[in-house]
Amino acid sequence: PSSPVLDSNYNPSLFYYLGNFDQWDINIGAFEHISNGKSGLDSRGTNMSYLHFFRTIDLKKAKVDIAGKLFLSYMVSDSNQEFVYYMGIWTGLIRFRNFLSFTNIDHSIELRVSPGGKLGTDFSNGNIELGLKIRPIKKSRFDFYCQYFNGRNEYLLDYKQYHQALRLGMSLEL
């Protein structure tokens, strides 16, 4: 097994891009399957339909991305009936890009919120992620990442468990 990878998720989806309405891009997700691909007691999975919306606001040099996803889960596997309670019914994102005007370095900071509960109001059973991305040389394809995760539902296998993690990484775009 690959350490520290605890669980793998598979999320194929079928969606339709409705178009741009008043500067919001909107997708309708007819079907999305979420599972960890395991069987028996370790099997976790659900299906959902969703509405996804996204908008970028241009500010002089900076940009702000706002996104949300409202979803309805169904056909939840027997081994994780309460998974939907931890997943909630919505996720949100706000990302600020190139907001430090005194630097030429590409950068962004983002906040992802996924509260749990039937109505998506239970933050103690959901999660938040705070991420920072820096591309030190604008024309390069090399990025540094820093991410803080706090909450539940990070992995399908142990979605009830509380996790708190600080992660550092880098990527090279080929």
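Scroll up a little and you will see the structure.
Source: prediction; values computed, not measured.

How each quantity is defined
- Counting restarts for each chain, with residues numbered from 1 along the sequence as it is written.
- Local features in this predicted model are restricted to residues whose pLDDT is 70 or higher, and side-chain atom pairs enter the listing and the counts only when it is 80 or higher, whereas totals over whole chains, interfaces and linings include all residues.
- Only hydrogens and water are removed before side-chain values are computed, so all heavy atoms of the structure are retained for them.
- Here, the term nonpolar core denotes a set of buried Ala, Val, Leu, Ile, Met, Phe, Trp, Tyr and Cys residues that are joined through side-chain atoms within 4.5 Å.
- Only protein chains enter the accessibility calculation, which uses a 1.4 Å probe. A residue is then buried if its area is under 20% of the maximum for its type, exposed if over 50%, and partly exposed in between.
- Labels follow the DSSP assignment, with helices taken as runs of H or I lasting at least four residues and strands as runs of E lasting at least two, numbered in each case from the N terminus.
- Contact between two residues is taken to exist if any of their heavy atoms lie within 4.5 Å; hydrogens are not considered.
- Should DSSP find at least two bridges between two strands, the strands are taken to pair.
- Space inside and on the surface of the protein is sampled on a 1 Å grid over the protein atoms alone, with a cavity defined as a set of points where a 1.4 Å probe fits but cannot get out and a pocket as an open set with protein on both sides within 12 Å along at least 5 of 7 lines; lining residues have an atom within 4 Å of a point.
- Grid points are joined across faces, edges and corners, and a volume is the space filled by probe spheres set on the points.
- Under the scheme applied here, ten amino acids are nonpolar (Ala, Val, Leu, Ile, Met, Phe, Trp, Tyr, Cys and Pro), four are charged (Asp, Glu, Lys and Arg), and all others, including Gly, are polar.
- To get an axis, fit a line to the C-alpha atoms, keeping to the stretch in contact for a helix; angles then go from 0 to 180 degrees between the N-to-C directions.

A. Layout of the nonpolar core. Among the nonpolar cores identified, the biggest contains nine residues, and these are Ile-34, Met-48, Tyr-50, Phe-71, Phe-83, Tyr-86, Met-87, Leu-156 and Tyr-159. Put simply, the parts of the chain that give this core at least two residues each are strand 3 (45-58) and helix 1 (83-87). At three residues, the largest contribution of residues to this core is made by helix 1. Excluding its chain neighbours within four sequence positions, the residues that come into contact with Tyr-50 are Ser-13, Phe-15, Asn-27, Ile-28, Gly-29, Glu-32, Lys-69, Leu-70 and Phe-71.

B. Summary view of the pairing of strand 7 (residues 122-135). Bridge count for strand 6 (residues 106-116) against strand 7 is 10 bridges, and the pairing is antiparallel. Each residue of the ladder has a partner; that of Asp-106, found in strand 7, is Arg-135. Hairpin geometry of strand 7 and strand 8 (residues 142-151) is characterised by an intervening segment of six residues between the two adjacent antiparallel strands.

C. Local environment of the layout of surface pockets. Within this model, the largest pocket holds a volume of roughly 930 Å³. Taken together, 30 residues form the lining of the largest pocket, with Thr-91, Arg-112, Ser-114, Glu-129 and Asn-153 sitting closest to its centre. Secondary structure elements with two or more residues in the lining of the largest pocket: strand 2 (24-35), strand 3, strand 4 (63-74), helix 1, strand 5 (90-97), strand 6, strand 7 and strand 8. Here the lining of the largest pocket takes four residues from strand 4, the largest share from any one element. Its residues assigned to classes, the lining of the largest pocket comprises 14 nonpolar, 10 polar and six charged. Empty space within the second largest pocket amounts to approximately 390 Å³.

D. Structural context of the sheet that holds strand 4. One open sheet accounts for nine strands, arranged 1-2-3-4-5-6-7-8-9; its pairing is antiparallel. Edge positions in the sheet fall to strand 1 (13-21) and strand 9 (163-172), since each has one partner strand and no second. Within the sheet, the average angular offset between the axes of one strand and its neighbour, ignoring direction, is 15°. Note that strand 8 and strand 9 share 10 bridges and pair antiparallel. Counted as the bridge partner of Tyr-148 is Leu-166 from strand 9.

Geometry only, nothing functional implied.
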